[in-house]
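Below are the chains, spelled out letter by letter.
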Amino acid sequence: MTEDKTLKAIQYQRGSLQILDQLKLPDISVYIPIQTVADAWKAIHTMSIRGAPAIAVCGVLSLAVDLHHSRSKFESIASVQQYVIDELNYLVTARPTAVNMTDAAKTIIDYLIPLSAKHQSIPEYIDELIAFIEQFLERDLADNRAIGRHGAEQIRLTTANPKKLTILTHCNTGSLATVGFGTALGVIRQLAANGDLQTAYFTETRPYNQGSRLTAYELVHDHIPHTMICDSMAGLLMRTQPVHGVVVGADRVTANGDTANKIGTYQLAILAKYHEIPFYVAAPTTSIDLTKRTGDEIVIEQRPSKEMTSIKGVNIAAEGVQVWNPAFDVTPAQLITGIITEHGVFKPDELEERLLALKNNKSS
Ligand code: MRU
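Residues numbered from 1 in each chain as written. Predicted model: local features only at pLDDT ≥ 70, side-chain atom pairs only at ≥ 80, totals over all residues. Heavy atoms only, no water.

Looking at an unreviewed UniProt entry, one finds the chain named Methylthioribose-1-phosphate isomerase and attributed to Adineta ricciae. Quoted verbatim from the Catalytic activity (unreviewed entry) heading of the UniProt record, the comment on the chain is "5-(methylsulfanyl)-alpha-D-ribose 1-phosphate = 5-(methylsulfanyl)-D-ribulose 1-phosphate". Annotation of the chain in UniProt includes, under Sequence similarities (unreviewed entry), the sentence "Belongs to the eIF-2B alpha/beta/delta subunits family. MtnA subfamily." (UniProt positions renumbered as here; feature names shortened; annotations may be inferred.)

(A) Up close: the packing of helix α3 (residues 77-91) against helix α4 (residues 100-115). Where α3 contacts α4, the axes come no closer than 9 Å and their chain directions differ by 170°. Relative to α4, α3 is oriented roughly antiparallel. When α3 is examined against α4, the residues Q81, V84, I85, L88 and L91 are found in contact with a partner set consisting of M101, A105, I108, I109, L112 and I113. The residue inventory of the contact of α3 with α4, partitioned by class, reads 10 nonpolar, 1 polar and no charged. (Axes fitted to C-alpha atoms, helices over the stretch in contact; angles between N-to-C directions. Helix = DSSP H or I, 4+ residues; strand = E, 2+ residues; numbered from the N terminus. Parallel < 35°, antiparallel > 145°, perpendicular 65-115°, else oblique. Contact = heavy atoms within 4.5 Å. Nonpolar A, V, L, I, M, F, W, Y, C, P; charged D, E, K, R; others polar.)

(B) Expanded view of the packing of helix α1 (residues 37-45) against α3. Orientation of α1 relative to α3, taken along the N-to-C sense of each, is 15°, at an axis distance of 10 Å. The angle between the axes of α1 and α3 places the two elements in the roughly parallel class. The hand of the α1/α3 crossing is right-handed. Only E87, Y90 and L91 of α3 make contact with α1, whose side of the interface consists of V37, A38, A40 and W41. (Left-handed = near helix turned anticlockwise from the far one by under 90°.)

(C) Focus on unusual backbone geometry. Of the consecutive residues L25 and P26, the connecting peptide bond is found in the cis state with omega at 5°. Following R206, the chain continues into P207 via a peptide bond in cis, with omega recorded as 5°. For P207, the location among the structural elements is in the loop between β5 (197-203) and α7 (210-221). Despite not being glycine, N209 has its phi angle at roughly 60°, a positive value. Topologically, N209 is positioned in the loop between β5 and α7.

This is the structure:
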């Protein structure tokens, strides 16, 4: 049987990386090669690959490919180290809001320095580093599956309705935004697999249409019951239809639980609060940034105006119009019912304590 590549954002084998060009979806499904860190930076910056976890995995794997092919150019282990640190620092600048690339860079740098004490041989040092970087693939997939299980269980157990559930989501947080399965869309996938899903409502997600282009593509592909709405229909939906929960992803969660996610998330959280609908953020702990206290410290990326004023190169706004195009907003912690992570579901106000306890347990 041939492997179904349709929903794989990232194809990797040692020395070779390809990404599904998400700028071309849903019309054309084409993979583009990523041969260097500079290729990855550009693909992330232009959003050929997007979604916080996929950005990080694409970034670090581009470094693995780069190291694999350039091993003969290094004269010392120290020069490999410096090269890796410089390239990681460069990758972090491709997009500013999601923390996952920064977190991945820190994880690799923390590993890289003690590793040099173990090796005299440059090729062996590089091989071990590449093997370490490759683990990001497995880890992301395992985290997403755990998020799916915890989230589906939480929503099922805390919903009084004994029948099937309707869930609203935003943006694309599925296989295309991760190594596979997804975060918020992973929770929906798991509910569907458990036979608990009536329908997944999802927004188009203006201005860049990650909902209508990408989430729609995934839900149709996987035969998951779904209903697309325009972003502006969410209020009426919540007022007139049963919605048992809203589940969204995250680009950065700060220590107090404030969450940056795709623009439009904040207004969904306000609507959910008004309509007394539980509002969940589903994210791996690699999306949690304990170095920032609150969402006020998060840098919100501004995207080019043409991403708002045109679709597939066709103008949809009056020529010369001035626009404001922030790619993300911050949802305050008090609007969030729970943060679904690979370790379980945390209330925003217990997030920091629970994470620090997990870290301490790991290191003891
Ligand atoms: O601009 P994008 O498409 O990269 O934004 C994506 C989101 O906001 C997602 O919700 C978030 O990255 C989580 S993806 C699992």
